[in-house]
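# Structure assessment
Residue strings, one per chain:
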Amino acid sequence: MQIDRNTRVICQGMTGTAGSFHTRLMKEYGTKIVAGVTPGKGGTFHEGIPVYDTVLEAAKKTDAEASVIFVPAPFAPDAIMEAVEAGLRLVVCITEGIPVHDMVRVKRYLAERNAYLIGPNCPGITVPGQAKIGIMPGYIHTPGIVGVVSRSGTLTYEVVWQLTQRGIGQSTCIGIGGDPILGMSFVDVLRLFEEDSETHAIILIGEIGGVMEEEAASYIRSAVKKPVISFIAGRNAPRGKRMGHAGAIIEGGMGTWQSKAEALKEAGVHVIDNPAEVGVKVWTLFRETGLIKV
Amino acid sequence: MQIDRNTRVICQGMTGTAGSFHTRLMKEYGTKIVAGVTPGKGGTFHEGIPVYDTVLEAAKKTDAEASVIFVPAPFAPDAIMEAVEAGLRLVVCITEGIPVHDMVRVKRYLAERNAYLIGPNCPGITVPGQAKIGIMPGYIHTPGIVGVVSRSGTLTYEVVWQLTQRGIGQSTCIGIGGDPILGMSFVDVLRLFEEDSETHAIILIGEIGGVMEEEAASYIRSAVKKPVISFIAGRNAPRGKRMGHAGAIIEGGMGTWQSKAEALKEAGVHVIDNPAEVGVKVWTLFRETGLIKV
Amino acid sequence: MRLYEHQAREILQGYVTCIPKSSTIFKPEEAEEAFLKLGQPRAVIKAQVLTGGRGKAGGVKIVNSPAEAKDFAKRLLGSRLVTPQTTPEGEEVKALLFQEVISIQRELYLAFLIDRQRACSLLVGCGEGGVEIEELARKAPEKVLKDPWDSLQGLLPFQARRTAYFMGLSGSYLKEAASLILGLSRAFIEKELTLLEINPLAVTSEGSLSILDVKANFDDNAFFRHQEMVAIRPRAEESLEALASSFGLSYVGLEGNIGCLVNGAGLAMATNDIIRVCGGKPANFLDVGGDASTERVTQAFSILLRDPRLRAVLVNIFGGITRCDTIAKAILEVLKDTPLRIPMILRMEGTNALEARKMLEGSGLPFRFSREMKEATLLAIEAAEIKE
Amino acid sequence: MRLYEHQAREILQGYVTCIPKSSTIFKPEEAEEAFLKLGQPRAVIKAQVLTGGRGKAGGVKIVNSPAEAKDFAKRLLGSRLVTPQTTPEGEEVKALLFQEVISIQRELYLAFLIDRQRACSLLVGCGEGGVEIEELARKAPEKVLKDPWDSLQGLLPFQARRTAYFMGLSGSYLKEAASLILGLSRAFIEKELTLLEINPLAVTSEGSLSILDVKANFDDNAFFRHQEMVAIRPRAEESLEALASSFGLSYVGLEGNIGCLVNGAGLAMATNDIIRVCGGKPANFLDVGGDASTERVTQAFSILLRDPRLRAVLVNIFGGITRCDTIAKAILEVLKDTPLRIPMILRMEGTNALEARKMLEGSGLPFRFSREMKEATLLAIEAAEIKE
């Protein structure tokens, strides 16, 4: 999954408010937005970019490889499947509020096809200095050696901004999204980072709930050689009122901050407590391990 | 797919009328029927055979490898999926009258799993002298070198009986069933016959409608070295009243007797005109090619 | 089961919106009211038959007044419409559809059917509709989109849009067509149709889409889930075919004089084939099916014997799941009430064939037996010729 | 949205049959009639709360007369039920369920939920039910069947039978349970639930199955397809949480004194975390979400400022799809009507942060700004302490 300034990207839902605004920001950052897709508006232009009725048509005419989706939640699952079916190899779905049963169906669809989905309900992917496909503020990034992966949106910006302010650049930043059912998981991104020659260290931003951090820990232990630093949000979150026993039966003690932090620590990950100190801790650590030379 | 006197077979719907009757006949032929499955009757015995509530349980307890299904059409699709899910490698579905949309779902299910389905609406499979899993009359068979595959039920018996009466034995007889959507196709069976060292010649009994014979012809041309003899029923069938154009658009001239016969002839298949003369024609042909020595 | 146009429209009502206003009449007296109910200066009246080519055969007419409507209805209802696709006797017109007249700007084609090879549903779309569609599909196949889809996922909205786009629709038409196609796909799945064809689908001069004609087939195997289809199933008294179908039998009348009763569609076709090959003429195709009960076979025999043209009967049974003794019992049952006036040649083999033969021989009735298909066929042909 | 037991029962009515007779009351005056309507010598009355442990907390009682029923209803309705799972203030009882008394022979457990890892539906079944189920699942996991299934195919009948069999049911129970499980699976999918738990499912002394308690969660993202769920959505006036939720905001009241307004759940949690780490106490969790409109943020602020315990407000916004200027506009909007009586610390970064700062600085209101999360937090803690 190589993203750079030459990657040709279409935008589904480009003619909406958020689609328009972020298409402009993506273009400003340097991303090659080659087409928009809005059914019924094919043949028109928006922000100087041609609009097509279908993704298939847009992809054919512009040779696009990736899509970013801003269409409203009721139509977003269809938009994802349309993009994948049209042969796009990367689909980034920004839309939040997609029903979980819909995402189950989408995942079933993806399982039989060959494409990366980032999201939904995610900030997207940024390769600093090259391209951003999504809604991350551009200026917070600077090129470098750290791969950032996160379940959160704004918390990712916070962490990336702390890094940039301390002169620590990023190779790639991926927000995988905050929903229960997601396209790429932590493990999928860790695999890419481990293989990526630009990435020398990894920051993983997790949250309480689910078992994705525990899965990541077990993957890191077995397959990741690069140093990993992590912050898990929600240590002090109120324990939500529980509803029935099913969740507890299934997760079997996992999902809590303690479970995640312990699993990651056991896998050799540096788990940071204070979200305001991620930047400085990473800087200190990099000094110690020689990843930053002064 | 090796079937012989040691193959352990369970019968779904064994406690019904047809299930009981044919279980008795299969046992008489020598087939090892090790269990029956009827939900709610688990723990009982029928015809001296233990009955279980679920296929999983039956398969576990008896180490069965195959199942034959006699359950009524509304429940047969579920019975097929249950058998496949329980790990049986061969499922023979005798039941006729399964709705076509149900079979579409079953095929979708099978596509992701590893099992052979014969049928539905089929007579099953017989390996003469070893075992029969299905409803073919036992006495019409005799062991030998001809593989018989057919879309028809009773027409298969007719042909097999003609062969047996002329002393031409069969290696395996498979009735793949007469429904629009089937488990194994002609091509699937031809592949097995081509690989099977017991089979030296193949008889293919087709019918008008669909394009399965045309597919078989194209497969034979490319991959079958053994001699193939064929009869296609329905040369003189009244051309059914047509309903709309869709069928014609899709089949594009295929599906007729002429189309099938020509395709098979072009693939080097001997196409026989008179259904009463299959036996004698095969005999003559085998004499000429040395498959029968006098 | 093939549905009449008016039945198919009825079924689509819950799924799509662009069906022209219409009503159906069964008696000429209802014609004037039906015309007035449409509330328009003109109406198109269409004969309800299960065959194509009715337009050219005079089964469709635009009328301009209640009187003209009544006139046409009187002439058509109860008459037999002969089209290139019917037998020379034609098909009786039992109902007429009155529909508002749509002014057509462009004709499109849409169909749903089962793709046997891929075992999935298939959507077919074309930017040109009408009766020449087959010709077009042959000459310019690239103009016809055949889109396989997964019944489990259902047709996806983007597939519907893609097809609409392929058909040359854009702007508001694109959305309207996509929602129409989605609605049809749901009807296709939920009503368990094996064919659903809209031809033509019209782009009207008023700027919307309109379903001008519908053809639909319902899967006979799915009656157990569809009481609404059972309700419109042809009644047994309407024809021998319908009577047979009501007992789960497959009966097709032909033009010969040898009545055939066979188990299994393949063997039944092969039996018809061999009669032809040997120089005879079958009077029918009759498959009693697998798993035939005595009652079902009894019905099959009594349907068969109702045909006055018969000169001989050929029974060709190879027992499998159907037991020959079941057939024998049914024959004896029928012949208790109906004396046998023509020769009956019996060929039985397979499951319980010996038992069956014993039962029949013991009855003292004048059956002729053969153990070979060809011999039995020749006996039947000979018998039919003598009798004639 | 968590459903009350009586709402969940209502929803299951169309899918399964073995729900005991019941009725729901909202006022003590309705208690006698509800008791009599059941037509039985006894009734079990259950407090309708969205929390577990109500039995031990006195929220469930068997009563033997209309008078006793009324008595209990008077005492419970309007009171606050405190269980180990609620806050110390407890949860107000607004409704009571009256149900026939079932004599239980055996308790079973059934649940449906979403399997996040496998991205599919999950059926959980156990031959032992009741409140000890978690303990059992931990100690003897082999006694709990977790069966993933495909939402597209739907739960297959054999899977339902297999689970019923695993739960130790046989004979007629096996079939009854299988049909119950299938019905529940359909409700789970069609009603877009994220949890559906039957605990206990009883085998009754009369020899049938009975759903004694139901817990269900509805997916808030699916309201657009479910008018029937919109109808039972908690009204905005019921609580700050409900009010927030009606504007698409996520609000959870906590016990501290620093009001937080953050965009994004992760950053909101991290903000609460850092307040704790630095020695302060957050008064709430408030996520305005992505794509926040001015109106939504305005509502967020006015909900936040209603809390009388606040000593300081910390706004932590990192703009992405939410634009900082949108937030600024909303703050100014709210403060036009509501004077700001406590310190407000603003930390804004990201999309249009500069524009936002300019707008706020230009207002002349006493905001304190910080560009760093930690600094902003310390300012807020300091402010809260001074004020106290």
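Just so you know, these numbers come straight off a predicted model, no measurement behind them. (Residues numbered from 1 in each chain as written. Chains lettered and ligands numbered in written order. Predicted model: local features only at pLDDT ≥ 70, side-chain atom pairs only at ≥ 80, totals over all residues. Heavy atoms only, no water.)

## Some thoughts on helix α1 (residues 5-12) of chain C
Stated precisely, the cut-off is as follows: Buried, partly exposed and exposed residues are distinguished by accessible area as a fraction of the type maximum, computed with a 1.4 Å probe on protein chains only: under 20%, between the cut-offs, and over 50%, respectively. Every helix listed is a DSSP run of H or I at least four residues long, and every strand listed is a run of E at least two residues long, numbered separately from the N terminus.
Summarising burial for α1(C): seven of the eight residues are buried, a large majority. When we look at burial in α1(C), the residues that qualify are Glu5(C), His6(C), Gln7(C), Ala8(C), Arg9(C), Ile11(C) and Leu12(C).

## A closer look at the pattern of salt bridges
Definition in use: Salt bridges are defined as contacts in which a side-chain nitrogen from Lys or Arg sits within 4 Å of a carboxyl oxygen from Asp or Glu.
The final tally for this structure, using the stated rule, is 81 salt bridges over all chains. Note that Glu112(A) is salt-bridged to Arg108(A), the shortest N-O span being 3.1 Å. Taking the relative accessible area as the measure of exposure, Arg108(A) reaches 17% and is therefore buried. The shortest N-O distance in the salt bridge between Glu213(B) and Lys260(B) comes to 2.7 Å. Residue Glu213(B) is found in helix α7 (residues 212-223), and its partner Lys260(B) is found in helix α9 (residues 257-266); the two are separated by 47 residues along the sequence. The two residues Glu213(B) and Lys260(B) agree in class, both being buried. Three or more residues are tied together by salt bridges with common partners; here these are Glu85(A), Arg108(A), Glu112(A), Arg113(A), Arg108(B), Glu112(B), Asp150(C) and Asp150(D).

## As for the interface of chain A and chain D
Definition in use: Whether two residues touch is decided by their heavy atoms; if any such pair falls within 4.5 Å, the residues are in contact. By convention, the term buried area covers the 1.4 Å-probe accessible surface removed from two parts as they join, with the contributions of both added. Pairs of N or O atoms are called polar contacts if they sit within 3.5 Å, as long as, within protein, a hydrogen donor faces a hydrogen acceptor (for residues adjacent in sequence, only side-chain-to-side-chain pairs). Note that Gly is not counted as nonpolar here; it falls among the polar residues with everything else outside the nonpolar set of Ala, Val, Leu, Ile, Met, Phe, Trp, Tyr, Cys and Pro and the charged set of Asp, Glu, Lys and Arg.
In this assembly, 61 residues from chain A lie in contact with 71 residues from chain D. Counting the surface lost from both chain A and chain D, the interface buries some 5300 Å², and carbon and sulfur atoms represent 62% of this. Linking chain A with chain D are five salt bridges. For Glu158(A), the salt bridge is made with Arg347(D), and the minimal N-O distance between the two is 2.4 Å. Across the contact surface, chain A and chain D share 19 residue pairs in polar contact (both at pLDDT 80 or more). At the level of elements, α1 (17-29), α4 (100-111), α5 (154-165), β13 (228-233) and α8 (246-251) of chain A are the ones that each hand at least two residues to the side of chain A that touches chain D. Of all the elements, α4(A) adds the most residues to the side of chain A that touches chain D, at seven residues. Class assignment for the residues of the side of chain A that touches chain D results in 33 nonpolar, 13 polar and 15 charged.

## Focus on the nonpolar core
Note the cut-off: For this analysis, a nonpolar core means a set of buried residues of the types Ala, Val, Leu, Ile, Met, Phe, Trp, Tyr and Cys, connected via side-chain atoms within 4.5 Å.
Val68(A), Phe70(A), Val92(A), Ile133(A), Ile203(A) and Ile220(A) are the most contacted members of the largest nonpolar core, which totals 95 residues. In terms of nonpolar packing, the next biggest core, distinct from the first, is built from 94 residues, Ile118(B), Cys122(B), Ile168(B) and Tyr219(B) among them.

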